[in-house]
Amino acid sequence: VILDFPATNVLASAGPNTIELSRVGPFTPSVGYWVQFDYAQLEADTNALVDADGDGLPRWWEVDNHLSDANAADATSDKDGDGRTAWQEFNGGNNSTNPNRADTDGDGLNDSAELAAGTNPHRVDTDGDAISDFDEVNGLPASNPLMVDSDSDGAPDSLERRVGTDPLDAASVPTVFGGGIGIH
């Protein structure tokens, strides 16, 4: 459900004026789902965009992430030990990562490693090939976490790993099973 409304109706001063409610997993194929709301109350915080301590982090983000809008030093802190400061994790409000959790998406690859690899720290499996980013970067054999078919040989990495061929070697291709089994 997405609700769009004019800023004049809510006295909004900045930022998007959209409310999006999304149902996320688990999903079962061929099964319908529904969501019911009997009541919804929305409150506007007119000070949410204020940065009282001048550290570059808006009040709403500091409150949501258990930081202090009265302490500018928390913007340079790395509470989760992932090598990124709270200010870097905020990322200007675009695709912010969690400053209290080294691995925002929980795939085993910390946020700094995800960004260095070019993967999305909000998705366990950036390329959608059913292999986690962590397993693609650190697994044996390794594969490219940004490509479903790392060696472009026509066989997806998940198939190559399952049958024992190398997902990084185009010459290592799974054999095609013809469907016959011979017994002597």
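The coordinates are above.
Rules and cut-offs
Residues numbered from 1 in each chain as written. Predicted model: local features only at pLDDT ≥ 70, side-chain atom pairs only at ≥ 80, totals over all residues. Heavy atoms only, no water. Salt bridge = Lys/Arg side-chain N within 4 Å of Asp/Glu carboxyl O. Helix = DSSP H or I, 4+ residues; strand = E, 2+ residues; numbered from the N terminus. Buried < 20%, exposed > 50% of the residue type's maximum accessible area, 1.4 Å probe, protein only. Phe/Tyr/Trp six-rings, centres within 6.5 Å; stacked < 30°, edge-to-face > 60°.

Here we take up the pattern of salt bridges. Counted according to the given criterion, the structure contains one salt bridge. A salt bridge links Asp69 to Arg59; its shortest N-O distance comes to 3.1 Å. Within this pair, whereas Asp69 is found in the loop between α1 (59-64) and α2 (86-90), its partner Arg59 is found in helix α1, the two being separated by ten residues in sequence. For Arg59, a relative accessible area of 24% corresponds to the partly exposed category.

Moving on: the packing of aromatic side chains. A full pass over the atoms with the stated rule returns two aromatic pairs. Ring centres of Trp60 and Phe90 lie 6.4 Å apart, and the angle between their planes is 65 degrees; on these two criteria the pair is classed as edge-to-face. Residue Trp60 is found in helix α1, and its partner Phe90 is found in helix α2; the two are separated by 30 residues along the sequence. For Trp60, a relative accessible area of 33% corresponds to the partly exposed category. Every member of this aromatic cluster is reached through a ring pair, and the members are Trp60, Trp61 and Phe90.

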